[in-house]
Amino acid sequence: MTLTPTSPIDANHALIAAAYDPEMVRQVGQRLIDLLSDHLQVVSDAEGPVLNWRDPTDNIEAARAQLDAGEVTSPHEADQLITRVEELLRQTLSRGQNLHHPHYVGHQVPASLPLAGLFDAVTTITNQVMAIYEMGPWATAVERAVVQRLGETIGFPSGEFTGLVTSGGSLANLTALLTARNVTLGESWERGLMSSDPAPVLVTHAEAHYCVTRSAGILGLGTNNIVRVPLDERRRMDVGQLDAILTDLRSRNVPIVAVSAAACATPVGAFDPLVDVADVCRRHEVWLHVDAAHGGAACFSAKHRHLVEGLQLADSVVCDAHKMMFMPALCALVFYRNPEHRYAAFQQTAPYLFDPSAPGMAVYDNGISNVECTKRAAAMGLWGVWSVFGSQLFEALVDSTFELSQRFYELLGEEHDFVPYCPPECNILVFQYLPAEIRDRSAADVDEFQLRLRREVIQSGDFYLVQTRIDGRSYLRTTIINPLTTMEQLQQLLACLRTHGQRILQES
Ligand SMILES: Cc1ncc(COP(=O)(O)O)c(C=O)c1O
């Protein structure tokens, strides 16, 4: 790969040839894999920081400087190119969030299975996309197979294409609720909702993820027309209250787009009692949607499957493979109990895409049921990992992370200066650090202390955890989402919180 341009046209050709050179892919790829493997080894061994904290403007300037450098130094020799790529990769790996570090116990984003990333890279490099089957036949087939298999695991009819894959839980919830709106409010797709009187409502879990309530705004329902069902003592949807709300809405002839339940809800990981919720919805003839973005994967576990019992009774279900199936982002699935409903979200045709001479092919075209037209092969990693390790890997991942959270909860209960909010149902755990020095101070002081403590800990790079607010109070929150995290490391987390916490208390 040596390029010696003599004229501007030659220079263009040389540049393009260098950018596409398969030999460059081999050489850079081998270096990249070495660097990545070394990085994963260091990070998984808990060496170095979890979060590489820097001020955002620092990072933006550094990233911008690389773009500007690329304008003036176009490498023409293989060695130069590899050196330049290596420089960029090292910078990328050294400035990120290290999800594979076992001290990462933060958001519901996993230490993703590296093999899935490699399968993803194959489809990214060969650019397998799909709006229609023929654009990405194997990518489409893989996606359909995964939808069938996961659908069956949830309990939907065997052998059916009950759903679709899309980019993230937010888009998945929006797609499912759009379908619910179109089915329950006939003609809303064509006529809009302006003339609906009384205005239709969306009934949700009181702590539904903001993407669910945001959907009400996007779908034209209006966020004022969200009815939040109060919670029971375990922060689950209160089924008696749901029944009363639906009875009242029906008696006033208020159109109900859907009930959106949670499995589980984000703040403390509470699973709604789906069988009972489904029963109430059936009696009132209301569409039941379940946001199982986080907890859907519990269906793989013999031990925890009971948490999502009833998922198969819902009209639509969302499950994020990039949460508890440990896939790299983004890979989210939407399921419909009635497979025909996947055509109800978008009632459009695109003549240049959909070929009337092969009408039987349309059922394999993703563009019919997805927001996206060009869509990446998001399920390739999931298919690859599932095909290699079998579904028992997902069961092992669910079981081990759920169990570790339970043990962490028990540990917190034994400590005099930590107070867990409630027992975990899954791998999400909420608690406060309450040493004697702060325990009797005002609620505002206690809350501010939790927030400051978390910020100092994450910026130190020692651990990464998140915060949440429940009933107006601030808490620390962990999600055990790296299956390599150990109990010993969770003990170190408590020690770390104590060290930082005591320093904050002394300073104030
Ligand atoms: C319950 C729930 N639903 C939906 C989402 C949004 O999913 P995504 O981040 O993939 O858009 C989240 C994100 O954490 C969630 O916890």
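Residues numbered from 1 in each chain as written. Predicted model: local features only at pLDDT ≥ 70, side-chain atom pairs only at ≥ 80, totals over all residues. Heavy atoms only, no water.

Visitor: For the packing of aromatic side chains, give the residues involved together with the corresponding values.
Guide: Evaluated as defined, the whole model comprises 15 aromatic pairs. Ring geometry for W138 against W383: centres 5.6 Å apart, planes inclined by 85 degrees, an arrangement best described as edge-to-face. Taken together, the residues span a long stretch of sequence, with W138 in helix α6 (residues 137–154) and W383 in helix α13 (residues 380–389) at a distance of 245 residues. Look at W383 and you get partly exposed, because its relative accessible area is 24%. Among the aromatic residues, ring-to-ring pairing joins F408, F418, F431, Y433 and F449 into one connected group. Between R144 and the ring centre of F161, over which it is positioned, the NZ or CZ distance is 5.3 Å. (Phe/Tyr/Trp six-rings, centres within 6.5 Å; stacked < 30°, edge-to-face > 60°. Helix = DSSP H or I, 4+ residues; strand = E, 2+ residues; numbered from the N terminus. Buried < 20%, exposed > 50% of the residue type's maximum accessible area, 1.4 Å probe, protein only. Lys NZ or Arg CZ within 6 Å of the ring centre and 35° of its normal.)

Visitor: Run through the sheet that holds strand β10 (residues 466–470), naming residues and quoting values.
Guide: Strands sit in the order β8-β9-β11-β10 across an open sheet of four strands; the sheet is antiparallel. At either end of the open sheet lies a strand with only one pairing partner, and these are β8 (418–420) and β10. Going from strand to strand, the sheet's axes swing by 45 degrees on average, the running direction of each strand aside. Judged from the four bridges that link them, strand β9 (residues 428–433) and strand β11 (residues 473–479) form a sheet pairing that is antiparallel. If you follow L429 over to β11, its bridge partner there is T478. (Pairing = 2+ DSSP bridges. Axes fitted to C-alpha atoms, helices over the stretch in contact; angles between N-to-C directions.)

Visitor: Got a sec to walk through the pattern of salt bridges? Specific residues and values, please.
Guide: Per the stated rule, a full pass over the model turns up 27 salt bridges. Between K375 and E143 there is a salt bridge, and its shortest N-O distance comes to 2.7 Å. One end of the pair, K375, is in the loop between β7 (332–336) and α13; the other, E143, is in helix α6, and 232 residues separate them in sequence. Note on accessibility: K375 and E143 belong to one class, buried. (Salt bridge = Lys/Arg side-chain N within 4 Å of Asp/Glu carboxyl O.)

Visitor: Explain helix α17 (residues 487–507) to me, using residue names and the numbers behind them.
Guide: Taking 1.5 Å of rise per residue, the 21 residues of α17 would be expected to cover 30 Å, and the 31 Å separating its terminal C-alpha atoms lies within 8% of that figure. Restricting attention to buried positions, one finds in α17 the residues M487, Q489, L490, L493, L494, C496, L497, H500, G501, I504 and L505. With its buried residues spanning 160 degrees around the axis, α17 presents them on a single face. Turned more than 90 degrees from where α17 packs its buried face, E488, T499 and Q506 sit exposed. (Expected span 1.5 Å × (residues − 1). Arc of directions from axis to C-beta.)

Visitor: I'd love a proper account of unusual backbone geometry, names of residues and values included.
Guide: Residue C264 follows A263 across a cis peptide bond; omega there is 5 degrees. By the secondary structure assignment, C264 is in the loop between β4 (256–262) and α11 (274–283). Along the chain, A329 connects to L330 via a cis peptide bond; the corresponding omega equals -5 degrees. Here the phi dihedral of N127 falls at roughly 55 degrees; this positive angle occurs in a residue that is not glycine.

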